[in-house]
Structures are given as structure tokens and as C-alpha cells.
Amino acid sequence: MSPPSAQEAANKLFTNSTILAPMVRASTTPLRTLAISYGASLVYTEELVDRSIMDTERVINEELGTIDYIKPLSSFPGKVQKRMLADSDNPDCAKGAILLRIDPTLERNKLIYQIGTGEAGLAIKAAERVVGDVSGIDVNMGCPKKFSVSGGMGSALLSDPKRACDIISTLSRNISKPVSAKIRLLHPTDPQPTLDFVRSLINAGANAITIHGRIVEDESQTDARWETLVEVVKSLKHSESVPIIINGDLYTHADIREMRKRSGCDGVMLARPALYNMSLFKEETTYDDTCQTTTEATTAEELPLSEFQTTNHHGHYGYNSPLLSPRTSIIQEYVSYCVRYRNHSKNAKYVVCEMLSARRAPLSRVPFLNMSLEGGQTVNEVCQCRSLSDLVKIWDVKNTLPLPSAQNNATE
Ligand code: FNR
């Protein structure tokens, strides 16, 4: 039997998907594998810029059972090398900077590499570097940060469709796995500019598209523009056959259910909602063809509200759903994954602080954040941790995850 085409593979990966979004500094190995353990069907790496991944060495880490993409120590200026060598927190720093650590067992058939690029020639070199270890390549076309835009990457591509299409067609002609793009809406209310852009990417060879329901100028706390997003996705589902994924403010199971149903999208992608409660990835219930569910109430009105049940700004029964795990136990699990993958403590601290503080989301959306944690841990306490062991202590992590058996599954 011949291997599936990139489009067939994409259809399989993205249809009915629930996806952990790419998040710089957050979507590293521990968060990705935690998301998979909760039921995420796909996970994205953080955005990794083409040039940085091109220069890495691929190393099989027998001890951890991982595949590491390492930027060698020698490629850093002397001062930086000294600092890295002196970093007693993590012995891996002596080898160089680990830009990407993949668990080939847990992330098998579930990992998408997100590339930051503005040039087809560099994009293909970076993609070829990692393509054997991932299930697809996604191009970031939504990041509004100065660093990205000034390099012609991220949202700069939204206003340069020729360059965006060149990147997609070069990737799809040269690699046999799915190529996708993550974009933002191009206009706050008019679906047409977004439709035109998406169709040009599909014509260039994109096998799936994720649409973040905000425009470039929106603050991250601006409400996602669900109405426009629904219009765009409905129209695309009418005329195109590639999977379309939606992203933006899907904070509860009811948000997810409503937007699946209204838009007819093929999958949903969660960024901050996953940070704030990873157990959103738990299957709520199975969807029938019309996305109607039969076993769960859908709105606050259908449920008796108690002090443990709150609603978000869409009036959806939310964060205290019995379906969701307590945040303390999720953070404990996250810390144990950090120990398992020998994550750098600075990165682990950053993610735990994000999980706790929800700096980037308004409380009206995530009412549970008002509630203190069982153990009373605070962001301040987390900031004061100096090592993973400190984090283990303050979170009272009892269960550490076993390393893989001597025979690991990493292959050359
Ligand atoms: C992001 N986002 C993002 N997007 C992207 O395409 N590549 C990236 O590397 C990042 N990095 C990143 C870091 C952090 C900490 C956050 C919070 C967000 C954007 C993200 O994937 C998503 O599109 C938005 O956050 C909107 O989705 P939610 O948060 O409403 O689910």
C-alpha cells in the first residue's frame, strides 16, 4: 500500500482534533506531554525560528529517551558559554541550548513543529531538519511581536500573500508531511479578506489552516471575534476540503461545543485556556454528527448554580465543572513532567506562574482564577524557587515519572 498523501495525513490528524497551541516558552516537552496525557490529539511546539533550528545538532538522548535538537555551546559567544557552563541547575546546559526535546514515544503521530519564517529558502532548510521526528510543519503567520514582524515573519506574512504562498508551496512541494499555517483574522467584521488569504494558501498547497479569531491590532485581552470567525469558517467549509481549526477564547467545554457547532470547524486549538486548566482536553462527551451532545447541560441556565459553579462571559457553565481537575493537581503533574524531562527550572517557573496568574486573561472569562489554591501557593513563592527541587517541594509533588526503560524507542 502506498503511504498516505500529505492531505490524507492532514485529514486524519486534524479532523475532530483538540490541539495544544504553539506558545513561546510554554509549549515545551512537559506541557506538550501533559496535554497529551489529558487527551489533546495534537500538540504544537513553541514557534522556533528557521535559522535557529537549522543550526542544531540532532542528538538521541539515551538517558531520557528523547530526541534533542541542540544548538552547540561553541556557537555562542564566549561570555554566554561561560554563563551556560556555570549553570549548575541543569547539566544539559554544558552541551549547549536544547531548542527542542521530543519524546518519540508519547508524541508519536501527535507533534507539529511550528516554524517562524519569512523566507521559503530558510523555511525548507529548517523543516527538513526536523521533519523526520514530527507529524507536520506549521508556519506562524499571526505573531504581531516586533521581533517577528521586522524579520518578515509572523503577522507580516498576512500583508504579503505572495511571500506567504511561496513559503507554503516550497514546503509542500519538498516535504511529504502535512503543511499548515496559523493565521489571524484579516478584518474585524468583513470575512472576505480572510477568505481570500486562506484560499490563496490552500491553492499554494496548505493542508490545514488554523484561524485565531483576532486581528493583528487586537490586544490579547480583547474578546476573540467569534462572529467573524464563524462566518469565515462556515464559508470555507462550504467550498474547501482542507481541515479548518479555530482558536481564541475557548475557555470552557461549552465554549468549545458552541463554536464547533456554530462554525462547523474540524478542530479547536487552545492556548491560555489549556494553561489555566489542562483538563479541558478531557473528552466531555462524544459528539454526534450535528455536534449535539446528549449527556451534558450546555448553559448555566440548565444547571443549578452552587457556590462551586460559575459562568464565564458567554454565560457558559464553566471552570468548576466536575469534568475539570483541580488546578493544584494539574500543576503538580506539570512539575513532575518537568522533572521527567529535566526541564530548565527557569522555564518551569515561567509556565507555573502563567498557570497560576493568568496575567493575560481577564477574570470575567476565567472566574475560577479568583479561587485560592488548596495548598495556598502563590506566584511570589514560585518566583523564589531556585531549582526544580524547590518547585517539587512547594508543590508537594509526590509522584515522579519513571524514565523510559533501558531500551528506548528513539531511532536514528
Ligand atoms: C502565544 N501565541 C503564539 N502563537 C503562535 O502561533 N506561536 C507562538 O509561539 C505563540 N506563543 C504564545 C505564547 C503565549 C504565552 C501565549 C499566551 C500565546 C498565541 C496563541 O497560540 C493563541 O493564538 C492565542 O493565545 C489565542 O488563543 P487562546 O489563548 O485564546 O486560546
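The structure reproduced in this document is the subject of the present report. Just so you know, these numbers come straight off a predicted model, no measurement behind them.

A closer look at the site of the ligand
Here is step 1: The full set close to the ligand counts 19 residues, and Gln114, Lys182, Asn247, Asp249 and Arg272 are the nearest of them.
Here is step 2: Pro22 is positioned such that a nitrogen or oxygen atom in its backbone is 3.0 Å from an oxygen atom of the ligand.
Here is step 3: At a separation of 2.6 Å, an oxygen atom of the ligand approaches a polar side-chain atom of Asn247.

Structural notes on the pairing of strand 11 (residues 244-247)
Here is step 1: Here strand 11 shows a buried face lined by Ile244 and Ile246 and a second buried face lined by Ile245 and Asn247.
Here is step 2: Taken together, the four bridges between strand 10 (residues 208-212) and strand 11 define a ladder with parallel strand orientation. Along strand 11, the bridge assignment pairs His212 with Asn247.
Here is step 3: Since strand 11 and strand 12 (residues 267-270) lie parallel, the crossover through helix 10 (residues 253-263) that links them has a hand, and here it is right-handed.

Points about helix 8 (residues 192-204)
Here is step 1: For helix 8, spanning 13 residues, the distance from its first C-alpha to its last is 18 Å, which sits close to the expected 18 Å at 1.5 Å a residue.
Here is step 2: Within the sequence span of helix 8, burial applies to Thr194, Leu195, Phe197, Val198, Leu201, Ile202 and Ala204.
Here is step 3: Considering only its buried residues, helix 8 is in contact with strand 8 (136-141), helix 7 (161-174), strand 9 (179-184), strand 10 and helix 9 (226-239).
Here is step 4: At the C-terminal side of helix 8, Gly205 shows a positive phi close to 120°.

Cut-offs and rules
- Residues numbered from 1 in each chain as written.
- Predicted model: local features only at pLDDT ≥ 70, side-chain atom pairs only at ≥ 80, totals over all residues.
- Heavy atoms only, no water.
- Near = heavy atom within 4 Å.
- Polar contact = N/O pair within 3.5 Å; in protein donor to acceptor, adjacent residues only side chain to side chain.
- Buried < 20%, exposed > 50% of the residue type's maximum accessible area, 1.4 Å probe, protein only.
- Helix = DSSP H or I, 4+ residues; strand = E, 2+ residues; numbered from the N terminus.
- Pairing = 2+ DSSP bridges.
- Right-handed = clockwise from strand over helix to strand, strands pointing away.
- Expected span 1.5 Å × (residues − 1).
- Contact = heavy atoms within 4.5 Å.

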